[in-house]
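Understanding the architecture of this molecule
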Amino acid sequence: MLVRPYQPADRTAVHRIAADTAFFGAPVETYLPDRKLFSDYFMAYYTDTEPEHLWVAEHEGQVGGYFAGSLGGAKLTIGQARAALKVAGGLVLGRYKDSSDALKFAFRMAPAALGGEYPQPSLAAYPAHLHINVAESLRGQGAGRKLMDTGLAGMAAAGARGIHLNTTSYNVAAVNMYEKLGFKLLGRAPTHLWEPWLPDVAIENLVYGKSL
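An account of the accompanying structure is given in this report. Counting restarts for each chain, with residues numbered from 1 along the sequence as it is written. Where totals are concerned, whole chains, interfaces and linings use all residues; where local detail is concerned, this predicted model gives features only for residues with pLDDT of at least 70, and gives and counts side-chain atom pairs only at 80 or more. Only hydrogens and water are set aside when side-chain values are computed; all heavy atoms of the structure are taken into account.

**Digging into the environment of Leu185**
For the purposes of this entry, the term helix denotes a DSSP run of H or I that reaches at least four residues, the term strand denotes a run of E that reaches at least two, and both are numbered from the N terminus. Considering the arrangement of structural elements, one finds Leu185 in strand β6 (residues 184–191). Classification of Leu185 by relative accessible area gives partly exposed; the value is 38%. A C-alpha to C-alpha distance of 9.6 Å links Leu185 and His164, two positions 21 residues apart in sequence. Contacts are residue-level and defined by heavy atoms, with any inter-residue pair within 4.5 Å sufficient. Look past the residues within four positions of Leu185 in its chain and what remains in contact with it is Leu206, Val207 and Tyr208. We call a residue buried when its accessible area falls under 20% of the maximum for its residue type, exposed when it is over 50%, and partly exposed in between, using a 1.4 Å probe and counting protein chains only.

Here it is as structure tokens:
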């Protein structure tokens, strides 16, 4: 297995892996029917604006995982705002598949955010941000740990003094890995976002941080 810096030719694979794992390791179509919408909102910033902070795991010539990082700050805030505007405009104009279902999910996300269901880190201590995903074919082979080791070293070299990530209590294996790597739990809050799909599971949103 090779962990290496992201290249523009990896974009399709990275976006595919993100969508394939977006529902707690399962495909995004479980709750959001349009992969392009998901990519435009959640992934395009990392591959298109901060690709120098992105690493991929490659096995037998195929990309099977990624570590996507951002140094944070105004650049990330502006990028996220632009992504939100692009998606909002696309929804209004009907450019995405099954836009009505996407709007329903957006209307669930808004109350969750306004209701304090997303605990926030100290951006002074942990300004950088990451997220990581590994395709099912590479799980259990150490790809996640190798990506984290490489990505964290790369973010530290880029000047990040601290980094945070968001996950949920439902992602047990990921939480275990983060804690073994020295991430500290910075906050937790119950969330109702996933109740239509996991009605019998109590889920908390978690935010972890690590000094670099």
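**Notes on the packing of aromatic side chains**
Note on aromatic pairs: each is described by the distance of the centres and the angle between the planes. Any Phe, Tyr or Trp ring, taking Trp's six-membered ring, that has another such ring centre within 6.5 Å forms a pair; planes under 30 degrees apart are called stacked, those over 60 apart edge-to-face, and the others tilted. Under the defined criterion, the tally for this structure stands at 17 aromatic pairs. Taking 4.9 Å as the distance between ring centres and 75° as the angle between the ring planes, the aromatic pair formed by Phe24 and Tyr170 counts as edge-to-face. Linking Phe24 in the loop between α1 (11–20) and α2 (35–48) with Tyr170 in the loop between β5 (162–168) and α6 (172–180), this pair joins segments that are 146 residues apart in sequence. Since its relative accessible area comes to 39%, Tyr170 is described here as partly exposed. Site record: aromatic cluster; members linked through ring pairs are Phe23, Phe24, Tyr31, Phe105, Tyr170, Trp194 and Trp197.

**With respect to the packing of α2 against helix α3 (residues 73–92)**
Angle between the axes and distance between the axes: these two values describe a pair of packed helices. Geometry is summarised by axes, namely lines fitted to C-alpha atoms with helices restricted to the contacting stretch, and by angles between N-to-C directions that run from 0 to 180 degrees. Orientation of α2 relative to α3, taken along the N-to-C sense of each, is 170°, at an axis distance of 9 Å. On the basis of their axis angle, the class for α2 and α3 is roughly antiparallel. On α3, the residues that touch Leu37, Asp40, Tyr41 and Tyr45 of α2 are Lys75, Leu76, Gly79, Ala83, Ala84, Lys86, Val87 and Leu91. Of the residues that constitute the contact of α2 with α3, the class distribution is eight nonpolar, one polar and three charged. Relative orientations are named as follows: roughly parallel for angles under 35 degrees, roughly antiparallel for angles over 145 degrees, roughly perpendicular for angles from 65 to 115 degrees, and oblique for any other angle. Three categories are distinguished: nonpolar for Ala, Val, Leu, Ile, Met, Phe, Trp, Tyr, Cys and Pro, charged for Asp, Glu, Lys and Arg, and polar for the others, with Gly belonging to the last.

**Concerning the pairing of strand β3 (residues 62–70)**
Where burial is concerned, most of β3 is hidden: eight out of the nine residues are buried. Taken together, the six bridges between strand β2 (residues 54–59) and β3 define a ladder with antiparallel strand orientation. Directly across from His59, in β3, lies its bridge partner Gln62. Strand pairing is assigned whenever DSSP identifies at least 2 bridges connecting the two strands. In terms of strand pairing, β3 meets strand β4 (residues 128–134) through six bridges, oriented antiparallel. When the bridges of β4 are listed, Ala68 appears paired with His131.

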